[in-house]
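Structural description and commentary
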Amino acid sequence: MLMPTVFHENLFDDFFDPFWNDAALERAMNREARGAFGKRGANMMKTDVKQTDNGYEVAVDLPGCKKEDVQMDLNDGYLTIQAVRSHSNDEKDKKGRYLRHESFSGTCARSFYVGDVKKEDIHAKFEDGILHVELPAPQQTKALPENPNLIAIE
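Figured I'd write up the structure that's included with this text. (Residues numbered from 1 in each chain as written. Predicted model: local features only at pLDDT ≥ 70, side-chain atom pairs only at ≥ 80, totals over all residues. Heavy atoms only, no water.)

Another aspect to go through is the overall build of the protein. Secondary structure assignment for the protein yields two helices and seven strands. In the protein, the succession of helices and strands from N to C terminus is α-α-β-β-β-β-β-β-β. With 154 residues in all, the protein has 19% of them scored as buried. Contacts in the protein between residues far apart in sequence, at least 24 positions, make up 47% of those at least 6 positions apart. By element, 50% of the accessible surface of the protein is carried by carbon and sulfur atoms, the whole surface being about 13100 Å². (Helix = DSSP H or I, 4+ residues; strand = E, 2+ residues; numbered from the N terminus. Buried < 20%, exposed > 50% of the residue type's maximum accessible area, 1.4 Å probe, protein only. Contact = heavy atoms within 4.5 Å. Areas by Shrake-Rupley, 256 points an atom, 1.4 Å probe, with all protein chains shown as cover.)

Right under this line is the structure:
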């Protein structure tokens, strides 16, 4: 007997609905992370940025990752943080034959524009699944000298 197939609304239609909600977009964007990092994937790389007197403090949530899984790169003013995870789960019977062999691996990355910052000025530590990064404040650009010949516009 054939069962009727129920089609879910096309996700494309959700994005262009006049009453569009952000939840549809968030679900679509987190779908890839959930696939690579399991049910915690949607929570990967949640980031808090706090401005301090000396610059910025960034806290990146990386649940289930170890320090060895995390890599940071500074290139052309962009700080990229990348986490790579892989896991293998083997179950064998008493004779050493596989009953179950599962493995997965996944990568997630996030980039931040930090401006003209030197690698030596960035300090990072990893503890309890959270990457803490301290960044210096961006250099202030010099103001243009005031021109006495400019006419004020109202």
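Spatially, the four strands line up as an open sheet ordered E1-E2-E7-E6, and their pairing is antiparallel. Looking along the sheet, the strands with just one partner apiece sit at the ends: strand E1 (47-51) and strand E6 (123-127). Across the sheet, the mean angle from the axis of one strand to that of its neighbour is 15 degrees, orientation sign disregarded. (Pairing = 2+ DSSP bridges. Axes fitted to C-alpha atoms, helices over the stretch in contact; angles between N-to-C directions.)

The strand order across the open sheet formed by three strands is E3-E4-E5, and the pairing between neighbours is antiparallel. At either end of the open sheet lies a strand with only one pairing partner, and these are strand E3 (70-75) and strand E5 (98-113). Each neighbouring strand pair of the sheet contributes to a mean axis angle of 15 degrees, computed without reference to strand direction. In terms of strand pairing, E3 meets strand E4 (residues 78-92) through six bridges, oriented antiparallel. Residue pairing in the sheet places valine 70 in a bridge with alanine 83 of E4.

Let us now look at the packing of aromatic side chains. The geometry of an aromatic ring pair is captured by the separation of the ring centres together with the interplanar angle, meaning the angle of the planes. For the structure on display, the rule yields one aromatic pair. Ring geometry for tyrosine 78 versus tyrosine 113: centroids 5.0 Å apart, planes at 65 degrees, classification edge-to-face. Of this pair, tyrosine 78 sits in strand E4 while tyrosine 113 sits in strand E5; the two residues are 35 residues apart in sequence, bridging distant segments of the chain. What makes tyrosine 113 exposed here is its relative accessible area of 59%. (Phe/Tyr/Trp six-rings, centres within 6.5 Å; stacked < 30°, edge-to-face > 60°.)

Now for the environment of aspartate 48. By secondary structure assignment, the location of aspartate 48 is in strand E1. Owing to a relative accessible area of 56%, aspartate 48 belongs among the exposed residues under this scheme. Aspartate 48 sits 12 residues away from valine 60 along the chain, and the two C-alpha atoms are 6.6 Å apart. Setting aside chain neighbours within four positions, we find aspartate 48 in contact with Glu57, Val58 and Ala59.

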